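Read off the chains here:
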2 protein chains.
Amino acid sequence: MIGELSKLPGVGRKTAQRLALHILKADDENAFRLANAIIDVKQKIRYCSICQNITETDPCSICSDPNRDHSSICVLEDPSDVLALEKTNEFHGVYHVLGGTLSPLEGVGPDRLKVKELLSRLKEGVSEVILAMNPDVEGEATTIYLSNLLKPLGIKVTRIARGVPVGGDLEFADEATLVRALEGRIVVQ
Amino acid sequence: MIGELSKLPGVGRKTAQRLALHILKADDENAFRLANAIIDVKQKIRYCSICQNITETDPCSICSDPNRDHSSICVLEDPSDVLALEKTNEFHGVYHVLGGTLSPLEGVGPDRLKVKELLSRLKEGVSEVILAMNPDVEGEATTIYLSNLLKPLGIKVTRIARGVPVGGDLEFADEATLVRALEGRIVVQ
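In what follows, the accompanying structure is described.

Quick notes on the rules
Residues numbered from 1 in each chain as written. Chains lettered and ligands numbered in written order. Predicted model: local features only at pLDDT ≥ 70, side-chain atom pairs only at ≥ 80, totals over all residues. Heavy atoms only, no water. Axes fitted to C-alpha atoms, helices over the stretch in contact; angles between N-to-C directions. Helix = DSSP H or I, 4+ residues; strand = E, 2+ residues; numbered from the N terminus. Parallel < 35°, antiparallel > 145°, perpendicular 65-115°, else oblique. Contact = heavy atoms within 4.5 Å. Nonpolar A, V, L, I, M, F, W, Y, C, P; charged D, E, K, R; others polar. Pairing = 2+ DSSP bridges. Buried < 20%, exposed > 50% of the residue type's maximum accessible area, 1.4 Å probe, protein only. Expected span 1.5 Å × (residues − 1). Arc of directions from axis to C-beta. Salt bridge = Lys/Arg side-chain N within 4 Å of Asp/Glu carboxyl O. Phe/Tyr/Trp six-rings, centres within 6.5 Å; stacked < 30°, edge-to-face > 60°. Lys NZ or Arg CZ within 6 Å of the ring centre and 35° of its normal. Buried area = accessible area lost by both parts, 1.4 Å probe. Polar contact = N/O pair within 3.5 Å; in protein donor to acceptor, adjacent residues only side chain to side chain. Least-squares fit on C-alpha atoms with pLDDT ≥ 70 in both.

### Thoughts on the packing of helix α7 (residues 175-183) of chain A against helix α4 (residues 79-88) of chain B
Reasoning step 1: Two elements in contact, α7 of chain A and α4 of chain B, have axes separated by 9 Å at closest approach and are oriented at 90°. It follows from the interaxial angle that α7 of chain A and α4 of chain B lie roughly perpendicular. In this structure, α7 of chain A contributes E175, L178, V179 and L182 of chain A to the contact, and α4 of chain B contributes A84, L85, K87 and T88 of chain B.
Reasoning step 2: Tallied by class, the residues present in the contact of α7 of chain A with α4 of chain B amount to five nonpolar, one polar and two charged.

This is the structure in structure tokens:
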């Protein structure tokens, strides 16, 4: 068990030993619940056939929600980004999870991402695609690739703002962020 | 000397003692240079009569530079923000330093900031005022106050983008920042 536990991220041999001893000391019921939860997840969790997010039901609860705006698709790298945006309670459209970013160095091309699945969703009444990749080198490359791919389709393609984070300070912002914040300035209404 | 040095920010009694002993041990020339530098700064540095930034010459080197775009004024809180934006080499307009932000709790009203000085600059051919306050509560209040003040004058008023910083990660961005990044999304050209 120690060997298996130490394969988890951030768990070394010593932590694994501590976890294993805790499980040994716990009563049977708790240990079985943990084991079953792990088996359950692997058996029940699949990818939503529409947005490619992880889900228990197919289509996922967001894609099958009639109250969401299905004409606005926010493209993200990972399921964790969906969770981050859902926490804001501000986005009422639907998502598309690419499952990563373009990374030629690691051999990740467009065929390894869910790009084809995104294109096939754009036929029916989609008015806006919001590109929300992380603002790093790979995210930038993916944003440029996707915007070039989507522009000819005549759909409005937007990208989320890069700028000074809320609560931040201009003085401590890096130069690249300040340049983007200036470029992306908006007219005050 | 220890007493005077310990009044500097971030310098406690112990650090002040270390600094004082260092100055004692240093040769006379070095100590006099430091003393003169302090006197010089207090005698020479004044506020630019145009942009209210600190300067040795009046008007400052930015305000008197004919190569800068004097029709675009970027409004900032502090001189340190001017340094931050100048480091980007991307802004070619001129600045206006407010000298703080509105803060009713600390008794700072518009009359304590260089607002009148800003208004008096807007007569001659200014096409855009860029509000670049820090994205915190006081900065936000100041942005709203200034935009309400400037809008009736018929000048284009913009504010810098709030969003995910370059190199950042959606997953680790706070919710307020994500909301601003979504709201401030720009159409991909």
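Back to the write-up after that little detour.
### A short note on the sheet that holds strand β4 (residues 93-97) of chain A
Reasoning step 1: Strands sit in the order β4(A)-β3(A)-β5(A)-β6(A)-β7(B) across an open sheet of five strands; the sheet is mixed. Edge strands, defined here as strands with exactly one partner in the open sheet, are β4 of chain A together with β7 (186-187) of chain B.
Reasoning step 2: Relative to strand β6 (residues 156-159) of chain A, strand β5 (residues 128-131) of chain A runs parallel, the two sharing four bridges. Bridge pairing in β6 of chain A places V129 of chain A opposite V157 of chain A.
Reasoning step 3: Along the sheet, helix α4 (residues 79-88) of chain A contacts β3 (69-76) and β4 of chain A; its crossing angle with β4 of chain A, the most-contacted strand, is approximately 160°.

### Structural notes on the sheet that holds strand β4 (residues 93-97) of chain B
Reasoning step 1: Spatially, five strands are ordered β7(A)-β6(B)-β5(B)-β3(B)-β4(B) in an open sheet, and the strand pairing comes out mixed. Every interior strand has two partners, whereas the edge strands, β7 (186-187) of chain A together with β4 of chain B, have only one.

### Side note on the pairing of strand β3 (residues 69-76) of chain B
Residue and element names in this part refer to chain B.
Reasoning step 1: For β3, the tally of buried residues reaches six of eight residues, placing the bulk of the element in the interior.
Reasoning step 2: Here β3 pairs with β4 via five bridges, running parallel. When the sheet's bridge partners are listed, L76 is paired in β4 with V97.
Reasoning step 3: In this structure, β3 lies alongside strand β5 (residues 128-131), joined through four bridges in parallel fashion. Each residue of the ladder has a partner; that of S72, found in β5, is E128.

### Some remarks on helix α6 (residues 137-150) of chain B
Residue and element names in this part refer to chain B.
Reasoning step 1: In this model α6 runs 20 Å from its N-terminal to its C-terminal C-alpha over 14 residues, within 8% of the 20 Å that 1.5 Å per residue would give.
Reasoning step 2: Buried within α6 we find G139, E140, T142, T143, L146, S147 and L150. Seen end-on, α6 carries its buried residues on one side only, within an arc spanning 165°.
Reasoning step 3: The inward-facing, buried residues of α6 abut β3, α5 (115-121), β5 and β6 (156-159).

### Here we look at the pattern of salt bridges
Opposite charge on two side chains allows them to pair when their charged atoms are near.
Residues and elements named next belong to chain A.
Reasoning step 1: With the rule as written, the count across this model stands at 16 salt bridges over all chains.
Reasoning step 2: For R68, the salt bridge goes to E86, with nearest N and O atoms at 2.9 Å. Pair noted here: R68 is in the loop between β2 (54-55) and β3 and E86 is in helix α4, with a separation of 18 residues, a long-range link.
Reasoning step 3: Assessed through its relative accessible area of 27%, E86 is described here as partly exposed.
Reasoning step 4: Residues participating in the shared-partner salt-bridge network are E140, R159 and R162.

### Things to note about the packing of aromatic side chains
All names here are of chain A.
Reasoning step 1: Under the definition given, this model contains two aromatic pairs over all chains.
Reasoning step 2: Taking 5.3 Å as the distance between ring centres and 50° as the angle between the ring planes, the aromatic pair formed by F91 and Y95 counts as tilted.
Reasoning step 3: Among the residues examined, F91 registers a relative accessible area of 8% and is labelled buried.
Reasoning step 4: The ring of Y47 is capped by K114, whose NZ or CZ atom sits 5.9 Å from the centre of that ring.

### Let's talk about the interface of chain A and chain B
The figure often quoted for interface size is the accessible area lost as the parts come together.
Reasoning step 1: At the junction of the two partners, chain A supplies 49 residues and chain B supplies 50 residues.
Reasoning step 2: Summed over both sides, the interface of chain A with chain B buries roughly 4,400 Å², with 68% coming from carbon and sulfur.
Reasoning step 3: The salt bridge involving R185 of chain B is made with E128 of chain A; its shortest N-O contact spans 2.6 Å.
Reasoning step 4: Between the two partners, chain A and chain B, sit 22 residue pairs in polar contact (both at pLDDT 80 or more).
Reasoning step 5: When contributions to the side of chain A that touches chain B are tallied by element, the ones reaching two or more residues are α4, β5, β6, α7 and β7 of chain A.
Reasoning step 6: Looking at which element gives the most residues to the side of chain A that touches chain B, the answer is α7 of chain A, with eight residues.

### A closer look at the relation of the copies chain A and chain B
Reasoning step 1: Superposing chain A onto chain B takes a rotation of 180° plus a shift of 0.1 Å along the axis, which leaves an RMSD of 0.1 Å. Such a turn and shift between the copies fits a two-fold axis. Closest to the rotation axis within chain A is the C-alpha of G163 of chain A, separated from it by 2.1 Å.
Reasoning step 2: Interface residue correspondence from chain A to chain B reaches 100%, placing this contact among same-surface, isologous pairings.

### Points about the environment of Q52 of chain B
Residues and elements named next belong to chain B.
Reasoning step 1: Checked against the element boundaries, Q52 lands in the loop between β1 (46-47) and β2 (54-55).
Reasoning step 2: The spacing of Q52 and P110 is 58 residues in sequence and 15 Å in space, taken between C-alpha atoms.
Reasoning step 3: Ignoring any residue separated from it by four or fewer positions in sequence, one finds Q52 in contact with Y47, H96, V97, K114 and E117.
Reasoning step 4: Of the polar contacts made by the side chain of Q52, one reaches the backbone oxygen of S49; its length is 3.4 Å.

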